[in-house]
Amino acid sequence: PRTTSELEQAATSPAHLYAPVRATLDILAELHGAVRAAVFDDFAQSAVVLCVSTLKALPPFPHRDLFSIKHLLALRERVVPFGISYGSIVRRKLNWASSTNRATKKGPAAAQKKTGFVAGLLSGASFLPTVDESRLDAREELETELKARCADFVKRARDAYVADLDPFLAAVADALPKGASLLDAAPAIVTKLRGLPVAQPANVGHVLRSALADAKPRIDDLGATLALFLDNANTRTLLLKPAKHRAAQTLADFRATAAVLLAPDVKAELQPNFDAFAALIDHSPS
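Given the structure is predicted, the values throughout are model-derived calculations rather than measurements.

Engineer: Lay out the confidence of the model for the protein chain with the relevant residues and their values.
Structural biologist: Model confidence for the protein chain is summarised by a mean pLDDT of 85, while 80% of its residues fall at 70 or above. Looking at the elements of the protein chain, mean pLDDT is at its lowest for helix α6 (residues 108-112), recorded as 49, and at its highest for helix α12 (residues 233-261), recorded as 96.

Following this line, the structure appears as structure tokens:
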């Protein structure tokens, strides 16, 4: 972003867009209907690609994923009325490096003497630059970047829910024979695991209760931040759905692991904590 204040304004106001995106949409609105449709389509697609590239090039900063999602969604939605006919954009540019390389291979007579190089340009195609072509699909570029930033947010949101459970699950997995599953492990292996410090009832209960306590403020903060960037409740719900699904799966894995390692009375003691954690994942943030 050009300035910190501009970033903050674009990030915290649903009506305010980052300058390059806002300028692109304003220019397209002015051009729409003022030029031939084919000219407009080509210009509009190039502008969309440039906007996406600008957002991709932003340096890391807090909530960059949501910042990009907000602007990519705005860009996608606000160009719909223009009726752009999407297709591959062909871009051509001269590659002078190739001609220099070929000239160098000709030796001193052509590459090191000015007259030889000029003569080469006039006498044959071997010193002419090549034409490099590239094809871009504006809609594909936008959707690919949007998908990538959504994936970033889903991972971050999932971690806000259950990242504190990961070290315990990783420790248990590391203690198993390679490729083995705890649910299918032989009784001797389970007995050995139950003797490890990580599998002691006090530690399992501590991990679960601490993760539940720490997740609540993180999830509240996540919900507030999400609402700050995306004012559409349906969009927020769709974005959170895969994160909640992954978090619920991690909690289920933790529950299944605890069920194998713990005695029935300890499992019963922890059941309210499991239920509270599941409810937190299912219902928050609102």
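Engineer: Describe helix α13 (residues 264-283), and please don't skip the residues or the numbers.
Structural biologist: With 20 residues, α13 ought to run about 28 Å at 1.5 Å a step, and its terminal C-alpha atoms sit 28 Å apart, in line with that. Buried residues in α13 make contact with α8 (138-162), α11 (201-229) and α12.

Engineer: Which residues make up the packing of aromatic side chains, and what are the values?
Structural biologist: One pass over the full model with this rule turns up five aromatic pairs. Ring geometry for Y18 and F67: centres 5.6 Å apart, planes at 65°, overall edge-to-face. With a gap of 49 residues between them, Y18 in the loop between α1 (4-12) and α2 (19-31) and F67 in helix α4 (residues 64-78) connect regions that are remote in the sequence. Taking relative accessible area as the criterion, F67 reaches 0% and is therefore assigned buried. When the centroid spacing of 4.8 Å and the interplanar angle of 50° are considered together, the rings of F168 and F254 count as tilted. With F168 in helix α9 (residues 166-175) and F254 in helix α12, this pair connects stretches of sequence that are 86 residues apart. Assessed through its relative accessible area of 3%, F168 is described here as buried. Overall, the relative accessible area of 0% leaves F254 in the buried class. An aromatic cluster is defined as three or more aromatic residues linked by ring pairs; in this entry it consists of Y18, F61 and F67.

About the cut-offs
Residues numbered from 1 in each chain as written. Predicted model: local features only at pLDDT ≥ 70, side-chain atom pairs only at ≥ 80, totals over all residues. Heavy atoms only, no water. pLDDT = per-residue confidence, 0-100. Helix = DSSP H or I, 4+ residues; strand = E, 2+ residues; numbered from the N terminus. Expected span 1.5 Å × (residues − 1). Contact = heavy atoms within 4.5 Å. Phe/Tyr/Trp six-rings, centres within 6.5 Å; stacked < 30°, edge-to-face > 60°. Buried < 20%, exposed > 50% of the residue type's maximum accessible area, 1.4 Å probe, protein only.

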